[in-house]
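Remarks on the overall topology
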Protein chains: 2
Amino acid sequence: MRRRFEEIEEELKNRLLHMGSLAEEMIHLAVTGLFERTDKFIQQVFDREKEVNKLHIEVDDRCLKLLALYQPASSDLRFIMAAVKINSDLERIGDQAVNVTQTSQFFIHNPPLEKKLFDIPRMAQLATQMLKESLDAFVNKDVELARMVMTRDSEEDELKRGAFNDLLKLMQSDPSTIQRALGLILISRNLERIADHATNIAEDVIFMVLGKDIRHHAEDETEENRIPGS
Amino acid sequence: MRRRFEEIEEELKNRLLHMGSLAEEMIHLAVTGLFERTDKFIQQVFDREKEVNKLHIEVDDRCLKLLALYQPASSDLRFIMAAVKINSDLERIGDQAVNVTQTSQFFIHNPPLEKKLFDIPRMAQLATQMLKESLDAFVNKDVELARMVMTRDSEEDELKRGAFNDLLKLMQSDPSTIQRALGLILISRNLERIADHATNIAEDVIFMVLGKDIRHHAEDETEENRIPGS
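If you're wondering where the values come from, they're calculated on a predicted model, not measured in any experiment.

**Thoughts on the interface of chain B and chain A**
Between chain B and chain A, the residue contacts involve 52 residues of the former and 52 residues of the latter. Summed over both partners, the interface of chain B with chain A buries about 4,900 Å², with 62% contributed by carbon and sulfur atoms. Run the count over chain B and chain A and you get 4 salt bridges. Salt-bridge contacts for A:D60 lead to B:K85; the nearest nitrogen and oxygen are separated by 2.3 Å. Counting across the chain B and chain A interface gives 2 residue pairs in polar contact (both at pLDDT 80 or more). Among the elements of the structure, helix 2 (42-70), helix 3 (74-108), helix 5 (143-173) and helix 6 (178-210) of chain B are those that each provide at least two residues to the side of chain B that touches chain A. Considering each element in turn, the side of chain B that touches chain A owes the most residues, 14 residues, to helix 3 of chain B.

Okay, here's the thing in structure tokens:
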């Protein structure tokens, strides 16, 4: 029975890792479309989203089965609870990548901006790294790596604030850029939300490993909307 | 043993309802501050957020205990899984209300716009109603009401798109409004995300009652970022 539980646990881990790689690919395809000013990756993003959504339902279903059949306790139970939550976060990361692709459509079919993408490429790179590391931390039960992910989140917030300030100045100095700059602001927020989801995953890993809740200790978890100068 | 489980289940429900009322109050205080152009409610929003965060940890903890001690099956198990997810959604609704308050700070300390708040009041009212109804559906295991909440979500999306179009036009016709209009766009997105969380809750209720997964059937779940004209 124990052996069978471990097999299903392993399979669950693999499914979550697979969802994670699909989500990573979606972010990569979405931002590459934006950087290269092409819409040739859209279909690939949508295809992966379908797959992520299918896995999302499967993982939840498997977690329920594990709970019902094996009535796990302590660390096994915390593992399943973490899996349920990580599953939601991965699915929402996929949604954010789709949003990036959709906003990009408007952006790339209009003339490029002089300073093209501000801090968006760095934001995308950092969010992807956070996602990857948070899942590595999950499979390896690596608390230190999970803590590292949480540190990187403030860097992402900083980049988002910088991009926001730059884009606001651009809109104000040249109103013909308003719609495009607004598109980039929305994309930077999608990327920041991806980083937030990775941070949630990291928190779940720490809870899973240590059995200790470290949420709601950060001071800055809700300042996403701060308008510069306010 | 069964009786004790039901007591804890009832207590869990009450805690989630209490979180729901706190979240509702937070939205109400946040938008009232915006409508009445006052910052006198900020502290009340923050106080409630602290309480919501405390309950968030408590509910998760209780769900783990229920699972570990009673090894529930079928509908009891689905109830606890729903509680875990609803708990996350309520906590994130609280975060969104805090974001509304913070963005409002900039808005209300600058001259009012001619057409003051576009569809924001209606969006706030609808999102609050969806939150309330989704929790009513949860405690009464009311699938019909949960379905109603899901229908209302497209109305909220429509309002958000309308507000976005109006605010974009305003920015383009009068660049002195850019920063304030941007603030309202962000607030309308916070309200739409609250409606999304209420929709998640409604989906969880349907799964809890019917044991049937109805997620990922909606066509429009990821078009949040669509730029008009794209």
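**Let's talk about the pattern of salt bridges**
Where charged atoms from two side chains of opposite charge come close, those side chains can pair. Residue and element names in this part refer to chain A. Throughout the structure, instances matching the rule amount to 28 salt bridges over all chains. Across the pair R161 and E158 runs a salt bridge whose closest N-O atoms are separated by 3.5 Å. On the criterion of helical spacing, the pair formed by R161 and E158 is a turn pair, its members being 3 residues apart in helix 5 (residues 143-173). The class of E158 is partly exposed, set by a relative accessible area of 48%. One salt-bridge network, held together by shared partners, links E11, R15, K54, E58 and R62.

**Quick word on unusual backbone geometry**
In the Ramachandran plot, A:R37 falls in the positive-phi region, its phi being about 55 degrees despite a non-glycine side chain. Its location among the elements puts A:R37 in the loop between helix 1 (2-35) and helix 2 (42-70). For A:R37, a relative accessible area of 30% corresponds to the partly exposed category. A positive phi angle is found at B:Q71, which is not glycine, with a value near 40 degrees. Relative to the assigned elements, B:Q71 resides in the loop between helix 2 and helix 3. When its relative accessible area of 33% is taken as the criterion, B:Q71 is described as partly exposed.

**Focus on the nonpolar core**
Counting 156 residues, the largest nonpolar core has A:L184 and B:L184 as the members making the most contacts within it. Ignoring anything within four residues of it in the chain, the contact list for A:L184 reads A:L34, A:F107, A:L113, A:K116, A:L117, A:F118, A:I120 and A:L167.

**Quick word on the relation of the copies chain B and chain A**
Each copy of the sequence occupies a distinct position, and chain B is placed on chain A by a rotation of 180 degrees and an axial shift of 0.0 Å, giving an RMSD of 0.0 Å. The superposition of one copy onto the other is thereby described by a two-fold rotation axis. Ranked by how close their C-alpha atoms come to the rotation axis, the residues of chain B are headed by B:Q71, at 2.7 Å. Of all interface residues in chain B, 100% are interface residues in chain A too; the two copies therefore contact each other through one and the same surface.

**Observations concerning the confidence of the model for chain A**
Residues and elements named next belong to chain A. Mean pLDDT over chain A: 91, with 93% of residues reaching 70 or higher. The least confident element of chain A, judged by mean pLDDT, is helix 1 at 93; the most confident is helix 4 (residues 120-140) at 97. Confidence over residues 218-225 falls short of pLDDT 50; this stretch has 26 contacts with residues more than four positions distant or in other chains. In the model output, the complex is listed with pTM 0.90 alongside ipTM 0.88.

**So, the environment of B:I108**
Residues and elements named next belong to chain B. By secondary structure assignment, the location of I108 is in helix 3. Of the residues examined, I108 reaches a relative accessible area of 8% and is grouped as buried. Separated by 99 residues in sequence, I108 and E9 have C-alpha atoms that sit 43 Å apart. The residues touching I108, leaving out its near neighbours within four places in the chain, are G33, L34, R37, T38 and D39.

**Remarks on the environment of B:F79**
All names here are of chain B. Tracing the sequence through the fold places F79 in helix 3. On the accessibility criterion, F79 (1% relative accessible area) is buried. As a C-alpha pair, F79 and D142 span 63 residues in sequence and 13 Å in three-dimensional space. Ignoring any residue separated from it by four or fewer positions in sequence, one finds F79 in contact with E9, L12, K13, F138 and M208.

About the thresholds
- Residues numbered from 1 in each chain as written.
- Chains lettered and ligands numbered in written order.
- Predicted model: local features only at pLDDT ≥ 70, side-chain atom pairs only at ≥ 80, totals over all residues.
- Heavy atoms only, no water.
- Contact = heavy atoms within 4.5 Å.
- Buried area = accessible area lost by both parts, 1.4 Å probe.
- Salt bridge = Lys/Arg side-chain N within 4 Å of Asp/Glu carboxyl O.
- Polar contact = N/O pair within 3.5 Å; in protein donor to acceptor, adjacent residues only side chain to side chain.
- Helix = DSSP H or I, 4+ residues; strand = E, 2+ residues; numbered from the N terminus.
- Buried < 20%, exposed > 50% of the residue type's maximum accessible area, 1.4 Å probe, protein only.
- Core = buried A, V, L, I, M, F, W, Y, C linked by side-chain atoms within 4.5 Å.
- Least-squares fit on C-alpha atoms with pLDDT ≥ 70 in both.
- pLDDT = per-residue confidence, 0-100.

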